[in-house]
Amino acid sequence: KTNEEADKTNSNQPHCGNIATMATEESTTAAMSNLSIEDKQAEIALLEEKLRNLKEDVAQSGDKENKAGLQGRRAKASTGPRMDDSTTNLIGGESFLKREVNPAWIKVRADIYDDVKKRRDEELSKKIPVDIEVTLPDGKVLSEDKEGNKYQAWHTTPFDVACTISRGLADNTAVARVTYTAYVPDYDPEEDGMGGVDTLAESMADGGIDAAKDDDKSKMTVLWDMTRPLVGSVSKMEFLKFEDDQDARTVFWHSSAHIMGEALERLYGSRLTIGPPLAGGFYYDSYMGDANSDGAFREDDYKPVEAEVQKIVKQKQKFERLVVTKEEALDMFAGNPFKEQIISTKIPDGTRTTVYRCGDLVDLCRGPHVPNTGRIKAFAATRHSATNWLGDTENDSLQRIYGISFPDKKMLKTWLENQDKAKERDHRRIAQQQDLVMFHELSAGSAFWLPHGARIYNKLINFIKEHYWKRGYDEIITPNVYNLDLWHQSGHAMHYKDAMF
């Protein structure tokens, strides 16, 4: 019986399963053969106690490994190496001491970027242009532009192809979705910084954006910058617009996050950490020092940020993609301990990744992005909050600012009007105004129903019961308190044990 429990408990933990098997098979068989029944029962009870302790150790180990941002559906090894627990501490230090306009390190980073770009341009000059074909969704095959110039790998971009159809299409497309027939012989995804993990994948998933499928077929279908040269013939090229496609909106809002990040660096010298797109907007987390630095965001920061963003938009800064080695990336982001930790932990030694530049901003990023900052016609900073690096309260406190953007000012106006209407219907606001519920730290997160709220609660319960009975269901009443074993089985203990009351 003990062996069966050990096998079942440790089926996904080979190292612990081996320990349990050794304990029960090797050390107990001989020892128990000469014991009395009472002694055997006592020995079995002792072994079962050890096994229970082993289960708890396994669960706690899993909790520790997954604490740094691991949440449910994102808990898989394919998302890349995790931040090492040994590095999850206060790392911000003196990287931000006070708010500072256009800090000197922005130019230092830009100079390093320029040096690396010269090396990549030299590599690119050795690539061999070959003629390629592009097939559109309707099956039409294009091989040259309006002037009769042949499409060629390493030169022709999706923007060029769109211009062959119409300039309006090119100007209104956020990003291309490209399905390659095959890559040209001298293209290597690893060399091009495409082999690693997307460092924003988990944050995007938390924001409601699902990761791309990881299979051989989908690897040939990728979102491609409109201004990035193609690297092979294309069996299907789609031009995605903000209004029609979620991928286009994701790219649009990701680019907007970069623009907001540039504004934060210019205005305050913020030490940027991550800035992912969400299902409806974007945010950027940045380190703004401790309480003595006076770096925390406040509502009166919104207008300056919006004004700076508008300056960046009017400049129509190009989004430039650059492949960098791990060493080059560490050099480029020296002084920003958060970027350094991402690079050191997420990017394997001897590999490459990518950064994007728009104006003064250079950011570690997988991309893709819109062609230039001028595509962002309307922008608003919407709210701010405090958070922690890697979502761990033991790590540095960060400042988060949210934003929304659109390719048309009318869209922003409509969005703001809808937000005002939603506030009026917000159940949290209504509950407070009408004294329906209250909250207390003695049961954090649970509602204490006040008299008016209790009437609504009971009305809803009676409504639900009536429908149970009409549909032939019977009612049962279960306990409110359970043994922790249940939460190990459900997975709650592994992910939320520290926060469960």
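Residue numbers restart at each chain and count upward from 1, following the sequence in its written direction. Since the coordinates come from a predicted model, pLDDT governs what is reported: local features require at least 70, and pairs of side-chain atoms require 80 or more to be given and counted, while whole-chain, interface and lining totals use all residues. Side-chain measures here rest on the full set of heavy atoms in the structure, leaving out hydrogens and waters.

The next subject is the overall build of the chain. Along the chain, the regular secondary structure elements total 18 helices and 15 strands. Relative to its full complement of 501 residues, the chain shows a buried share of 42%. Here a residue-residue contact requires only that any non-hydrogen atoms of the pair lie within 4.5 Å. If you take every contact in the chain between residues at least 6 apart in sequence, the share linking residues at least 24 apart comes to 72%. Working definition of accessibility: Shrake-Rupley area with a 1.4 Å probe, residue cover restricted to the visible protein chains. When the accessible surface of the chain is totalled, it reaches about 28300 Å², and 51% of it is carbon and sulfur. Secondary structure follows DSSP: runs of H or I at least 4 residues long count as helices, runs of E at least 2 residues long count as strands, and numbering of each begins at the N terminus. With a 1.4 Å probe rolled over the protein chains alone, any residue whose accessible area is under 20% of its type maximum counts as buried; one over 50% counts as exposed, and the rest are partly exposed.

Turning our attention to the pattern of salt bridges. The salt bridge criterion pairs a side-chain nitrogen of Lys or Arg with a carboxyl oxygen of Asp or Glu, the two atoms within 4 Å. This structure, assessed with the given rule, holds 28 salt bridges. Across the salt bridge formed by Arg 228 and Asp 192, the nearest N and O atoms sit 2.5 Å from each other. Taken together, the residues span a long stretch of sequence, with Arg 228 in the loop between β4 (221-224) and β5 (232-240) and Asp 192 in the loop between β3 (175-183) and α8 (201-206) at a distance of 36 residues. Overall, Arg 228 belongs to the buried group, its relative accessible area being 10%. Accessibility expressed as a relative area gives 13% for Asp 192, which makes it buried. With its nearest N and O atoms 2.7 Å apart, the salt bridge here joins Asp 349 to Lys 326. Pair noted here: Asp 349 is in the loop between α13 (337-346) and β10 (352-358) and Lys 326 is in helix α12 (residues 326-332), with a separation of 23 residues, a long-range link. Each of Arg 119, Arg 120, Glu 123, Glu 328 and Arg 352 takes part in a single network of salt bridges with overlapping partners.

Turning our eyes to something else, we now look at the sheet that holds strand β9 (residues 320-325). Pairing between strands requires that DSSP locate at least two bridges from one strand to the other. As summarised here, the arrangement of the 3 strands in space is β9-β10-β11, forming an open sheet in which the pairing is antiparallel. Both edges of this open sheet fall to β9 and β11 (361-364), since each of them pairs with a single strand only. On average, each strand axis in the sheet is tilted by 30° relative to the strand beside it, whichever way the strands run. As judged from the 4 bridges shared by β10 and β11, these two strands associate in the antiparallel manner. Considered in β11, the bridge of Arg 357 is made with Val 362. Sitting on the sheet, helix α10 (residues 246-268) is in contact with β10 and β11, with an inclination near 125° to β11. Lines are fitted to the C-alpha atoms to define the axes, a helix being fitted only along its stretch in contact, and any angle between axes, read from their N-to-C directions, falls within 0 to 180 degrees.

Contact geometry of α10 with helix α11 (residues 302-314) gives a least axis separation of 9 Å together with a crossing angle of 115°. For the element pair α10 and α11, the recorded crossing hand is right-handed. Residue-level inspection shows Ile 259, Met 260, Glu 262, Ala 263, Leu 264, Arg 266, Leu 267 and Tyr 268 of α10 in contact with α11, the latter providing Pro 304, Val 305, Glu 308, Val 309 and Ile 312. Residue polarity is assigned by list, with Asp, Glu, Lys and Arg as charged and Ala, Val, Leu, Ile, Met, Phe, Trp, Tyr, Cys and Pro as nonpolar; anything else, Gly included, falls into the polar class. Of the residues contributing to the contact of α10 with α11, the split by class is 10 nonpolar, no polar and 3 charged. By convention the crossing between two helices is left-handed if the near helix lies anticlockwise of the far one by an angle smaller than a right angle, and right-handed if it lies clockwise.

The first and last C-alpha atoms of helix α16 (residues 451-470) sit 29 Å apart over 20 residues, in line with the 28 Å expected at 1.5 Å per residue. Gly 472 sits one or two positions beyond α16 and adopts a positive phi of about 80°. The span one expects for a helix is its residue count, reduced by one, times 1.5 Å.

Moving on, we get to the nonpolar core. As a rule of thumb, soluble globular proteins bury nonpolar side chains together. Buried residues of nine kinds, namely Ala, Val, Leu, Ile, Met, Phe, Trp, Tyr and Cys, make up a nonpolar core once their side-chain atoms join them within 4.5 Å. Ranked by size, the top nonpolar core spans 63 residues in total, and within it Leu 264, Val 305, Met 332 and Val 355 carry the most contacts. Per-element tally for this core: the top contributor is α10, with 11 residues. By size, the runner-up hydrophobic cluster in this structure holds 25 residues, among which are Ile 132, Val 178, Tyr 180 and Val 234.

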